[in-house]
Amino acid sequence: MKAVIPSGPQGPEGFSPPPLQKVRVWDAPTRLFHWALAAAFAGEWLTRDARYIVPHEFLGYAIGLLVLFRLVWGFTGTRWARFASFPLSISAALAYLRGLTRRSQSHHTGHNPAGSWAIYALLALAAFQVASGIVTLGAEQQLGPLAGRLSYSVGDTAHELHESLAWAMLAVVGLHLVGVVVGSLLERENLVGSMLTGLKRATAASAVQPRRGVAFALAAMLGMIALAFFRGDSLDALAGARVRAPLTQDASWKSECGSCHMPYHPSLLPARSWSAMWEHSQDHFGEDLALQEPTAAHLAAFAAAHAADALESNVAWKIATTTPAQAAPLRVSETPYWKKRHARLDAQTWKSVHPSECNACHRDAESGAFSPRAIEVAARPAAAPRKAS
Amino acid sequence: MNMRRFLLVRLPVALCLAAGCGAWAAPVDELLQEYQAQGGKDFNAAAGDKLWHQFFKDPKGGEDRRCALCHTSDLRATGKHAVTGKAIKPLAPSVNPERLADKSKIEKWLERNCKWTIGRACTPQEKGDVLVMIRSK
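Criteria and cut-off values
- Residues numbered from 1 in each chain as written.
- Chains lettered and ligands numbered in written order.
- Predicted model: local features only at pLDDT ≥ 70, side-chain atom pairs only at ≥ 80, totals over all residues.
- Heavy atoms only, no water.
- Helix = DSSP H or I, 4+ residues; strand = E, 2+ residues; numbered from the N terminus.
- Buried < 20%, exposed > 50% of the residue type's maximum accessible area, 1.4 Å probe, protein only.
- Areas by Shrake-Rupley, 256 points an atom, 1.4 Å probe, with all protein chains shown as cover.
- Expected span 1.5 Å × (residues − 1).
- Axes fitted to C-alpha atoms, helices over the stretch in contact; angles between N-to-C directions.
- Contact = heavy atoms within 4.5 Å.
- Nonpolar A, V, L, I, M, F, W, Y, C, P; charged D, E, K, R; others polar.
- Arc of directions from axis to C-beta.
- Polar contact = N/O pair within 3.5 Å; in protein donor to acceptor, adjacent residues only side chain to side chain.
- Salt bridge = Lys/Arg side-chain N within 4 Å of Asp/Glu carboxyl O.
- Disulfide = S-S within 2.5 Å.
- pLDDT = per-residue confidence, 0-100.
- Phe/Tyr/Trp six-rings, centres within 6.5 Å; stacked < 30°, edge-to-face > 60°.
- Lys NZ or Arg CZ within 6 Å of the ring centre and 35° of its normal.

Points about the overall build of chain A
Step number 1: A tally of regular secondary structure across chain A gives 14 helices and 4 strands.
Step number 2: When the 389 residues of chain A are sorted by exposure, 44% land in the buried category.
Step number 3: Surface summary for chain A: the accessible area is close to 20100 Å², and the carbon and sulfur share equals 65%.

Take a look at the structure:
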């Protein structure tokens, strides 16, 4: 639907376009959907670090529901909210963009043909992000509706896609914003304001009825889901017994290794690293371990059985698959996966926490689980400077 | 009898035995006998104390090492591993009854920590002196 604003010489004799006035074009549910999705998307970026996984998960589920609502509303909503009012047409979008370069002033009551593309792209990307997020969560962390049903390898692929497509979505959001600014200038209408008030310059016949009841119901539903989510892991409860058993622990390992440092679970290094560890046990980072039999054999057997190569946890899988086959790192912090996951931490963090102290931030470090939900970034006073050895 | 030796060794041992901490006295006594058989004699807490605070050159050029570097000068205090920073529970049996209770643990840690701190295994004399000193705390 398109209304042409007369400009320059008058049209043919007798033609008089209907008068334009401020009328309601965007119904309340559409506006609420738009701003809720925008806020949730911004929130997802702010919570992309593993330590904010809980709000990140919640916002993801919220986006899923918003997209679902929008799909329904695209068929049942008011005139300009329906998909039928903004078809996905390449030729129309190209014609619109060509029109921009000629500065021909066309005014669209609903979405313009280029903006339609941004909207469908954002809806599709949002839906994909929710799906890839749920797959990642279910496969890597064994949480959420798909917990325990997928392999670590599937989780890894989904995680990579989730991260890449997030950038794609950010790019489309950027294009959308550019389009809004350009459109506002060319159409001489504050399109941001329109999405807030619902009012646009259009013919009286274009006006839609406000649908505040639906908007209220949508807001109430999101609020109730937020309450349910943050009061208990109800979605995780669905997974129940499908979650894999916790990693094997060993008392002797904990007391021997734990005397001098946090007892790193064997799943954090490949078996070849542990072999090298025992080979150099007389110079274990400058100390002679002085291991006696049968303790030495027991520790070696435990490490060999539950090393990263055994792929008994997501972290083990990641470390085993990303550490080069010819490398046998003796420190967990030398593995590519550790480095990748800690790249965003600044120098200030390492002044108060030593990389060897996993348990300063990972509450479940000793078990080897390293769930993102167990991360609490240490807020400790700076420790005394460490001595090199 | 040497009064000094009586105050530093015999009296604490006697008091401790009287206080019912014989559980940990036994492994140390056993070890002291072994060290004696290996040539140690007149184990002396003052000598152990001296060794405890003596600096030894770190071969890699770091801070000079001594027992007190990690265990602090006060054996009743919590220590700190010089490299990893991990807390080390107090060594003094008076505040940490787990200490000196396990013969193989004592031997293991004397072996490891002598090598790291002094750069060589300790002599039976040194080990005996330090054990007597720790027991007195």
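Details of the environment of A:Leu65
All names here are of chain A.
Step number 1: Here Leu65 shows up in helix H2 (residues 53–76).
Step number 2: Note on Leu65: relative accessible area 24%, which makes it partly exposed.
Step number 3: Taking C-alpha positions, Leu65 is 14 Å from Leu122, a pair spaced 57 residues apart along the chain.

Regarding helix H6 (residues 124–135) of chain B
Residues and elements named next belong to chain B.
Step number 1: Between its first and last C-alpha atoms H6 spans 16 Å; for 12 residues at 1.5 Å apiece the expected length is 16 Å, and the two agree.
Step number 2: Of all 12 residues that make up H6, 9 are buried, and the element is covered over most of its length.
Step number 3: All buried positions along H6 are accounted for by Glu126, Gly128, Asp129, Val130, Leu131, Val132, Met133, Ile134 and Arg135.

Points about unusual backbone geometry
Step number 1: Here the amide bond leading from A:Glu293 into A:Pro294 is cis, since omega sits at 10°, within 30 degrees of zero.
Step number 2: Structurally, A:Pro294 can be placed in the loop between helix H10 (271–279) and helix H11 (295–305).
Step number 3: A positive phi is found at B:Asp42, a non-glycine position, where the angle reads about 45°.
Step number 4: Residue position: B:Asp42 is located in the loop between helix H2 (22–37) and helix H3 (45–53).
Step number 5: The exposure class of B:Asp42 is partly exposed, given its relative accessible area of 46%.

Some thoughts on the packing of helix H1 (residues 28–46) of chain A against helix H7 (residues 212–231) of chain A
Residues and elements named next belong to chain A.
Step number 1: Relative to each other, H1 and H7 sit at 30°, their axes nearing to 7 Å. In contact with Ala28, Pro29 and Leu32 of H1, H7 contributes Arg212, Val214, Ala215, Leu218 and Ala219.
Step number 2: Tallied by class, residues from the contact of H1 with H7 come to 7 nonpolar, no polar and 1 charged.

Some points on H3(B)
Residue and element names in this part refer to chain B.
Step number 1: What H3 keeps buried is the set Ala45, Gly48, Leu51 and Trp52. Seen end-on, H3 carries its buried residues on one side only, within an arc spanning 120°.
Step number 2: Its side-chain oxygen 2.7 Å from the backbone nitrogen of Ala46, Asn44 forms the N-cap of H3.

Considerations on the interface of chain A and chain B
Step number 1: Across the contact, 18 residues belong to chain A and 17 residues belong to chain B.
Step number 2: Across the pair A:Glu287 and B:Arg112 runs a salt bridge whose closest N-O atoms are separated by 3.1 Å.
Step number 3: At the junction of chain A and chain B, the tally comes to 7 residue pairs in polar contact (both at pLDDT 80 or more).

What about the pattern of salt bridges?
Two side chains bearing opposite charge may form a pair once their charged atoms approach each other closely.
Residues and elements named next belong to chain A.
Step number 1: Applying the stated rule across the entire model yields 19 salt bridges over all chains.
Step number 2: In this structure, the salt-bridge partner of Arg344 is Asp49, at a minimum N-O distance of 3.3 Å. With Arg344 in the loop between helix H13 (336–341) and helix H14 (347–352) and Asp49 in the loop between H1 and H2, this residue pair connects regions lying 295 residues apart in the sequence.
Step number 3: For Asp49, a relative accessible area of 18% translates into the label buried.

Quick look at the state of the cysteines
Step number 1: This model, assessed by the stated rule, comprises 1 disulfide over all chains.
Step number 2: There is no disulfide at A:Cys260, and the cysteine sulfur nearest it, in B:Cys70, is 8.5 Å away.
Step number 3: The class for A:Cys260 is buried, based on a relative accessible area of 10%.
Step number 4: Counting only cysteine sulfurs, A:Cys358 is the nearest neighbor of A:Cys361, a cysteine outside any disulfide, at a range of 9.3 Å.

Quick word on the confidence of the model for chain B
All names here are of chain B.
Step number 1: Mean pLDDT over chain B: 82, with 82% of residues reaching 70 or higher.
Step number 2: For chain B, per-element mean pLDDT is lowest for helix H1 (residues 3–19), which scores 59, and highest for H6, which scores 91.
Step number 3: Overall fold confidence (pTM) sits at 0.75, and the ipTM for the predicted complex is 0.71.

Examining the confidence of the model for chain A
Low pLDDT means the predicted atomic positions in that stretch should not be read closely.
All names here are of chain A.
Step number 1: For chain A, the average pLDDT comes to 85, and 88% of its residues sit at 70 or higher.
Step number 2: When the elements of chain A are averaged for pLDDT, strand S1 (residues 2–4) gives the smallest value, 45, and H1 the largest, 95.
Step number 3: Confidence over residues 381–389 falls short of pLDDT 50; this stretch has 15 contacts with residues more than four positions distant or in other chains.

Details of the packing of aromatic side chains
Step number 1: According to the stated counting rule, one finds 11 aromatic pairs over all chains in the structure shown.
Step number 2: Their ring planes at 20° and their centres at 5.6 Å tell us that A:Phe69 and A:Trp73 sit as a pair that is stacked. Of the two residues, A:Phe69 and A:Trp73 are both situated in helix H2; the distance of 4 residues between them amounts to about one turn of the helix. Like A:Trp73, A:Phe69 is buried.
Step number 3: Where A:Phe83 meets A:Phe86, the ring centres are 6.0 Å apart and the plane angle is 70°; that geometry is what we call edge-to-face. Taken as a pair, A:Phe83 and A:Phe86 share a single burial class, namely buried.
Step number 4: Chaining the aromatic ring pairs together yields one cluster made of A:Phe75, A:Phe83, A:Phe86 and A:Tyr120.
Step number 5: Just above the ring of B:Trp116 sits the side chain of B:Arg65; from NZ or CZ to the centre is 3.8 Å.

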